[in-house]
Amino acid sequence: MDLMIVLKAVGALSLIGLLSAALLATASRKFHVDVDPRIEAILEALPGSNCGACGNPSCFAAAEAIAAGEKPVNTCVAGGQAVADAVAALMGEGTCEVKAVVSARYCGGGTNAVRAHVYAGVRSCAAANRLAGGPLACIAGCIGYGDCERACPFDAIRMDERGLPVVDLKACTGCGICVRECPRGSISLLEMVPETAAVVVRCNAHDKVKDRKSNCSMCCIACKKCERECPSDAIHVIDMLAVVDFDKCTACGTCVQVCPQRCIDHHGRREGIDAAASDGAGSGESAEQLEVGA
Amino acid sequence: MERRAFRGGVHPPGHKEATAGSPVAWAPVPSRLVVPLSQHLGAPCVATVAEGDRVERGQVIGDVDAMVSAPVHSPVAGTVAEIGRTLTAGGTVVGAIVIDADEQQDLDGFVIVPDEGDGKARVRAAGVVGMGGATFPSVVKLNPPKGMEIKTVILNGCECEPFLTCDHRLMLEQPERVVAGAVHIRSLVGAGRAIIALEENKPDAAAALRAATRDGVEIVELPVRYPQGAEKQLIYALLKTEVPHGKLPAATGALVHNVATAVAIADVLEYGKPLTERIVTVTGAVGRPGNYRVLLGTLVSELIEAAGGLSDDVERVISGGPMTGMALGSLDVPVTKGMSGIVALPKGLAAPALSDDQPCMRCGRCPESCPMSLEPYAIANYAHLAMWDAAASRNALDCIECGVCSYVCPTNRPLLQLVRQAKSAAMAKGVKA
């Protein structure tokens, strides 16, 4: 065996290797792109769920936008205060207060709502809503095919046996995607409420009270009982619909107990009440839980 | 080999024999009419009368200053009882004028639409819209965009929908009015050619039109195939020209109007008659199936009563034909300008109710039958997964919503509904058609 052949081969390969290395080294210098090191750090701080709630297609895109100063440090809706603080520290800014919100359902219809049409089509709220506003008589009511459940990137919504979405407040990050996905969005069936909200009115019908009553047994009838009984002037009937002022509400639960329609319900992460259970238990039942808990 | 005038399509049972031989008769004048202020595609009208006002037959009661819109006229002499809202056949709730009709009605008289020398403006003032069902304001189609020249006017008398015979009877009973409409539209748009097209299953109407035709208006019979009466398919069948993707049919130099619309246009240009009534085929499981001349604003329930009432075995009542029509949730909805038929389907004839979405079994019938050469199964699958961009890339926006895919699907998938969802998602994203 000729040793020279082996040496030549080894030499040639080494030469090719050296040349390629030199080429790559020059290319990496010449075509070097300055990457803001903060992007990587911000991306680490973000939740990484790519939920899209902030309006950016991914967490990476959001990190780029924050590093470039195009978006504020509290851009991440889902991350809440903790992520905002971490990002603010990376960007060298002071703390930035994040108004924590969670999703709340403004409808108690479900099996209590009257069905005006027989719907036999795609099991999707958006599809049903396009056909004459869906099968319900109430134009504001929850259609119940679970578009919000499928859209939630955090698995925080499940449809219960009444056909209504129940928000798991421990898992809800307040990203607001369910509100956007709900085809009844323009009339706010799902709405973001402050994390501290203690009661919500499970009705958002704006039609005549007479029509509401024939459409659903759980509707707000604008009787003003809650308004009269509320000790802190925190609930008012506006445009024939009870509306809670979350800043004034002290979570006493009086309105929940006096509502003859049982359409005011507990909500939120109140001390002493299991948040998820409170939302899932439905109207009326949770009033008892409040007394036990408080 | 089967003769075809266009690609794809289906041949559903016609069911036209029940009403094809029944002459058009006036439906009784109801004591109270509910006239919707939005009977057309486009901006809804605003009431121009007040409660308690006296109105004459043919008087304008609703109008709006918008390009794509059509005014509404009172179909009867009477008193405005209420300006409120009504449910429509499409399921939406729109503004409406409720009119109490006088006991004595002169249905031959009407307030004449003023003639200011501009024929197109007069067509708009008469409230004429596409009466085949699309209800697109006719005057908009008479004014094609700049740079598009209309060479051929096509009157659509195909009536490819099963059950319906209102256009058939119109062509048979008033062929000279249909021909007059063709001549008028041809001169309004300055076209050289006018064709009246109908399917071969109406030889009596074709003969009547041939006897009445004048000024070179051509009568063409086409093979019976659904959707022969769809605009793009009709243009292809007659002119062998495809409407380019994303363009108006006017891009091919053709303008298609329904025969009933043409008669309405001839009526306004010759007699100044506003659009206050239309022919409606009431058929299926009713006492006296027939073709009725109905005042707009008559409730469907009253019309069905006039036609002898529903039989006991009715499962579904459809406004329009069974292929593209809407099932009615309530019979207390008014007859509007685009309502060509009321079809009461008995048990067994109604399409099976879909309980849930079924799996695609890849039989390939929907792409084979789609007259627009789309792949409905693929668009529907993407729509099901909410992959709207992918659905739009399969040209969901080209769908003409004829319903052939749902009709042929052996597993009864709600294909058209899913494609419609994909279309609206694509339009919301601003994808160019």
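Counting restarts for each chain, with residues numbered from 1 along the sequence as it is written. Chains carry letters and ligands carry numbers; both start at the beginning, A for chains and 1 for ligands, and go up in the order they are written. Thresholds applied to this predicted model are a pLDDT of at least 70 for local features of residues and 80 or more for the giving and counting of side-chain atom pairs; totals over whole chains, interfaces and linings are not thresholded and use all residues. Side-chain metrics rest on all non-hydrogen atoms present in the structure, leaving aside hydrogens and water.

Chemist: How should the overall build of chain A be read in this particular structure?
Modeler: In this text, helices come from DSSP runs of H or I with a minimum length of four residues, and strands from runs of E with a minimum of two, each type numbered from the N-terminal end. The helix and strand inventory of chain A stands at twelve helices and eight strands. Throughout this description, buried means an accessible area under 20% of the type-specific maximum (1.4 Å probe, protein chains only), exposed means over 50%, and partly exposed covers the range between. Within chain A, the proportion of its 294 residues that are buried is 43%. Contacts are assigned to residue pairs with any non-hydrogen atoms lying within 4.5 Å of each other. The long-range fraction of contacts in chain A, counting pairs at least 24 apart against all pairs at least 6 apart in sequence, stands at 56%. Accessibility throughout is a Shrake-Rupley quantity obtained with a 1.4 Å probe, and a residue counts as covered only by protein chains that appear here. For chain A, the accessible surface area stands at approximately 15300 Å², while carbon and sulfur atoms represent 56% of it.

Chemist: Even after reading the chapter, I still don't get the pattern of salt bridges, so can you show me in this structure?
Modeler: Any two side chains of opposite charge can pair, given that their charged atoms come close. Residue and element names in this part refer to chain B. Between Lys or Arg on one side and Asp or Glu on the other, a salt bridge is scored when a side-chain nitrogen of the former is within 4 Å of a carboxyl oxygen of the latter. In this structure the tally under the stated criterion is 23 salt bridges over all chains. The salt bridge involving R54 is made with E56; its shortest N-O contact spans 3.7 Å. The exposure class of R54 is partly exposed, given its relative accessible area of 44%. Overlapping salt bridges, with partners in common, bring together R54, E56 and D102 in one network.

Chemist: For this particular structure, what's the right way to read the interface of chain B and chain A?
Modeler: When the parts of a complex come together, some accessible area is lost, and that lost area is often taken as the interface size. In this complex, chain B contributes 14 residues to the contact, which on the side of chain A involves 13 residues. Two parts lose some accessible area (1.4 Å probe) when they are put together, and adding that loss for both gives the buried area. Both faces combined, the contact of chain B with chain A buries some 1000 Å², and carbon together with sulfur accounts for 59% of it. Counting every contact that joins chain B to chain A gives zero salt bridges. Polar contact is the term for a pair of N or O atoms within 3.5 Å; when the atoms are in protein, one must be able to donate a hydrogen and the other to accept it, and sequence-neighboring residues count only if both atoms are side-chain atoms. Here chain B and chain A share three residue pairs in polar contact (both at pLDDT 80 or more) between them. Take the side of chain B that touches chain A: its biggest share by element is five residues, from helix α14 (residues 415–428) of chain B. For the side of chain B that touches chain A, the residue count by class is five nonpolar, seven polar and two charged. By the convention adopted, Pro, Cys, Tyr, Trp, Phe, Met, Ile, Leu, Val and Ala count as nonpolar, Lys, Arg, Asp and Glu as charged, and the other residues, Gly among them, as polar.

Chemist: Before we go on, may I ask you to explain the nonpolar core in this structure?
Modeler: Most often, soluble globular proteins keep nonpolar side chains buried together rather than apart. Side-chain atoms within 4.5 Å are what join buried Ala, Val, Leu, Ile, Met, Phe, Trp, Tyr and Cys residues into a set we call a nonpolar core. Among the nonpolar cores identified, the biggest contains 42 residues, and B:V123, B:V153, B:L155, B:V178, B:I185, B:I196 and B:L209 are the most heavily contacted of them. At the level of secondary structure, the elements contributing two or more residues to this core comprise β9 (152–157), α4 (166–173), α5 (175–189), β10 (193–199), α6 (203–212) and α8 (259–271) of chain B. Tallying contributions element by element places α8(B) first for this core, with eight residues. Where each domain starts and ends comes from a domain assignment, either automatic or drawn from a database. Each of domain 1 (25–111 + 274–346) and domain 2 (113–271) of chain B accounts for three or more of the residues forming this core. Residues in contact with B:I185, not counting those within four places in the same chain, are B:L142, B:V153, B:L155, B:L255, B:H257, B:A262 and B:I265. Judged by nonpolar contacts, the second largest core, of 41 residues, contains A:C51, A:C107, A:C148 and A:V200.

Chemist: Help me understand the packing of aromatic side chains, please; the structure alone is not making it clear to me.
Modeler: How two aromatic rings sit relative to each other is set out by the distance from centre to centre and by the angle between their planes. Residues and elements named next belong to chain A. Between 30 and 60 degrees the pair is tilted, below 30 it is stacked and above 60 it is edge-to-face, where a pair is any two Phe, Tyr or Trp rings, Trp via its six-membered ring, whose centres lie within 6.5 Å. Tallied over the full model, the rule gives one aromatic pair over all chains. With 5.7 Å between their ring centres and 35° between their planes, Y119 and Y145 make a pair best called tilted. Of this pair, Y119 sits in the loop between β1 (101–105) and α5 (125–130) while Y145 sits in the loop between α5 and α6 (147–151), and the two are 26 residues apart along the sequence. Y145 carries the same exposure label as Y119, and that label is buried.

Chemist: Before we go on, may I ask you to explain the domain arrangement of chain A in this structure?
Modeler: All names here are of chain A. Under the domain assignment, chain A is made up of domain 1 (40–90) and domain 2 (101–284). Using only C-alpha atoms to locate each centre, domain 1 and domain 2 end up separated by 30 Å. Opposite the six residues of domain 1 that make contact, domain 2 presents seven residues. For the pairing of domain 1 and domain 2, the buried interface totals around 480 Å² over both sides, and the portion due to carbon and sulfur atoms is 63%. Together, C51, A53 and A78 form the three largest contributors to the area buried by domain 1 at its contact with domain 2, with a combined 66%. Counting across the interface, domain 1 meets domain 2 through zero salt bridges.

Chemist: I'm lost on the confidence of the model for chain B in this one. Help?
Modeler: A low pLDDT score tells you not to read the predicted coordinates there in detail. What pLDDT reports is the predictor's confidence in each residue, on a scale of 0 through 100. Per-residue confidence for chain B gives a mean pLDDT of 92, with 97% of residues at or over 70. Per the prediction output, this complex has pTM 0.81; the corresponding ipTM is 0.77.

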